Amino acid sequence: MKHAFVAGVGLTAFGRCEGEDTLDLMSRAACNALDDADLERHRVDGLVTGYSTAMPHLMLATLFSEHFGLRPSYANALQLGGATGAALIMLAKLLVQSGQCENVLVVAGENRLTNVGGRDQAIQTLAQVGHARQEVPFGAMIPGYYALLAGQYLHQTEATEEDLAEIAVYMRRQAARTEGAHITVPLSLDEALASRPIATPLRLADCCPISDGAAAFVISVQPSEHGAVRISGTGQAHHHQHISIATDSKNYGAADAAGRAFAEAGVERGDVEILGIYDSFTVTLAVLLEETGFAPRGQAGRQIAQGAHEGNALPLNTHGGLLSYGHPGVAGGMAHMAEVTRQMQRRAGARQVPSPARTGYVHADGGVLSAHVGLVLETDRG
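What counts as what
- Residues numbered from 1 in each chain as written.
- Predicted model: local features only at pLDDT ≥ 70, side-chain atom pairs only at ≥ 80, totals over all residues.
- Heavy atoms only, no water.
- Core = buried A, V, L, I, M, F, W, Y, C linked by side-chain atoms within 4.5 Å.
- Buried < 20%, exposed > 50% of the residue type's maximum accessible area, 1.4 Å probe, protein only.
- Helix = DSSP H or I, 4+ residues; strand = E, 2+ residues; numbered from the N terminus.
- Contact = heavy atoms within 4.5 Å.
- Axes fitted to C-alpha atoms, helices over the stretch in contact; angles between N-to-C directions.
- Parallel < 35°, antiparallel > 145°, perpendicular 65-115°, else oblique.
- Nonpolar A, V, L, I, M, F, W, Y, C, P; charged D, E, K, R; others polar.
- Patch = residues over 30% accessible without salt bridge, like charges linked within 9 Å, V, L, I, M, F, W, Y side chains within 5 Å.
- Areas by Shrake-Rupley, 256 points an atom, 1.4 Å probe, with all protein chains shown as cover.
- Salt bridge = Lys/Arg side-chain N within 4 Å of Asp/Glu carboxyl O.
- Lys, Arg positive; Asp, Glu negative; His and termini not counted.
- Charge placed at Lys NZ, Arg CZ, Asp CG, Glu CD.
- Pairing = 2+ DSSP bridges.
- UniProt positions renumbered as here; feature names shortened; annotations may be inferred.

The name an unreviewed UniProt entry gives the protein chain is Acetyl-CoA acetyltransferase, with Roseovarius pacificus as the organism.

Written as structure tokens, this is what we have:
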């Protein structure tokens, strides 16, 4: 079976991108990824993309192909909420390994912040992940759903609101070193705890911003000249759609997705040297870090506060994550993949981790911990 490599990475700044719509942002990221891969457009034979709340077109994959001047032999668009970006990478890997395609362009982005009515439209659209009869009619929005999750998490574990705030402080510290991050203003623990309530127990510092931005990758049979990063294992899990119906608060599906990815790659969690874990809210990261086996139950925030992810000690979301680098929809989760890849290629600039990271793990979730995708990346050790 053929290997699938990350041959090119393209990532825009996240934040406010005035005057650029979904197709503009996607095009900019795609150009960056193709340049990074030293690949001409006519050699792209596969295209996979996600969705855009700012441009809810029914055929975004073919729309972008036409706009960008591609004629792929395979094109598709997926929708798995925040897990979409990782699912696109998984699909691209399968296309390359099967021989269906040689060079798959994975691209997503949108002007979620500056689109006319975009922020309110995005909030309303995202709220529909809730149960049509048991949740949505009561006015719940995404922060409300995650507040329910956070309340349960704090009740069932020894974690505290301060532990969650430590996660926000850590992410802001990482973003301060990252060019293009949406929010880089320093954040202290006291400031995080004093930020205004959004949905108890979540405060403003516990929530990611709404951003404009885009990300793209070239997944190819050929490795990058910057360093061979191979997608060696992938896994998904889907246990529920609605948080009010989820029955097992100790296994939302992240553990299963991670286990499948590690099994395919043939590596152990102890082999992982860098992490990119989805963090739409502080509680999202806490639950995912713990369920995937990288922190004890209820200890994620405390572990971060104690320096468990500083320097060479299993670096985590070194770009600032969704909480500070920003969140423009599908591309938000893709930024984790971009950062882990660049770290493994030793192209992360001022935030480059000291020791070479030869095995990385990326995890994304969609809905309210409803859809999970895990990705194992490895460098060519030969």
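Participant: Describe the nonpolar core, with residues and values.
Facilitator: One finds Val 106, Phe 217, Ile 219 and Tyr 361 to be the most contacted residues of the largest nonpolar core, which totals 92 residues. The element contributing the most residues to this core is helix α3 (residues 84-98), with 9 residues. Here Val 106 is in contact with Val 48, Leu 88, Ile 89, Ala 92, Ala 215, Ala 216, Phe 217, Ile 219 and Met 334, once residues within four sequence places are set aside. In terms of nonpolar packing, the next biggest core, distinct from the first, is built from 24 residues, Leu 23, Leu 25, Val 107 and Ala 214 among them.

Participant: Kindly report on the packing of α3 against helix α12 (residues 330-344), identifying the contributing residues and their values.
Facilitator: Direction vectors running N to C along α3 and α12 enclose 60°, while the axes themselves pass 7 Å from each other. One way to sum up the angle between α3 and α12 is to call them oblique. Facing Thr 84, Gly 85, Leu 88 and Ile 89 of α3, the residues of α12 in contact are Val 330, Met 334 and Met 337. Taken together, the residues of the contact of α3 with α12 break down into 5 nonpolar, 2 polar and no charged.

Participant: Describe in detail helix α2 (residues 60-68), supporting the description with residues and values.
Facilitator: Every α-helical turn comprises 3.6 residues, leaving residues that sit three or four positions apart pointing alike. Leu 60, Ala 61, Leu 63, Phe 64, Ser 65 and Phe 68 are the residues of α2 that are buried. Buried-residue contacts for α2 involve α1 (22-37), β2 (46-49), β3 (74-77) and β4 (103-111). Gly 69, located one to two residues past α2, shows a positive phi value of around 80°.

Participant: Outline a negative patch on the surface, listing residues and values.
Facilitator: Taken together, the side chains of Asp 35, Asp 38, Glu 40 and Glu 225 define an acidic patch exposed on the protein surface. Within the secondary structure, Asp 38 is located in the loop between α1 and β2. Residue class for Asp 38 comes out exposed when judged on its relative accessible area of 60%.

Participant: Tell me about the pairing of strand β10 (residues 359-366), and name the residues and values.
Facilitator: For β10, the buried fraction is high: 8 of the 8 residues fall into the buried class. What you see with β10 is no split at all: Thr 359, Tyr 361, His 363 and Asp 365 on one side and Gly 360, Val 362, Ala 364 and Gly 366 on the other are buried throughout. As defined by bridge partners, strand β9 (residues 274-277) adjoins β10 across 4 bridges and the pair is classed as parallel. When the bridges of β10 are listed, Ile 274 appears paired with Gly 360. Linking two consecutive strands that pair antiparallel, namely β10 and strand β11 (residues 371-379), is a turn of 4 residues; a positive phi of about 70° is found at Gly 367 within it.

Participant: How would you sum up the pairing of β4? Please name residues and give values.
Facilitator: The element β4 is largely enclosed, with a buried count of 9 among its 9 residues. Alternating positions in β4 separate into two faces, Asn 103, Leu 105, Val 107, Gly 109 and Asn 111 on one and Val 104, Val 106, Ala 108 and Glu 110 on the other, with burial throughout. With 4 bridges joining them, β2 and β4 adopt parallel strand pairing. Its bridge partner being in β4, Val 48 is matched across the sheet by Val 106. With 9 bridges joining them, β4 and strand β7 (residues 212-220) adopt antiparallel strand pairing. In the sheet register, Glu 110 faces β7, and the bridge partner there is Gly 213.

Participant: So what's going on with the UniProt feature "domain: Thiolase C-terminal" (unreviewed entry) in the protein chain? Which residues, and what values?
Facilitator: As recorded in UniProt, the feature "domain: Thiolase C-terminal" (unreviewed entry) lies at residues 235-378. Secondary structure content for residues 235-378 is 33% helix and 16% strand, and the end C-alpha separation is 15 Å.

Participant: Give me the environment of Gly 332: which residues, what numbers.
Facilitator: Within the fold, Gly 332 resides in helix α12. Gly 332 gets classed as buried once you look at its relative accessible area, which sits at 1%. For Gly 332 and Ala 108, which are 224 residues apart along the polypeptide, the C-alpha to C-alpha distance reads 9.1 Å.

Participant: Pulling in residues and values, what's your account of unusual backbone geometry?
Facilitator: A cis amide bond, omega 10°, links Thr 200 with the succeeding residue Pro 201. One non-glycine residue, Leu 314, adopts positive backbone phi at about 50°. Within the secondary structure, Leu 314 is located in the loop between α10 (300-305) and α11 (321-324).

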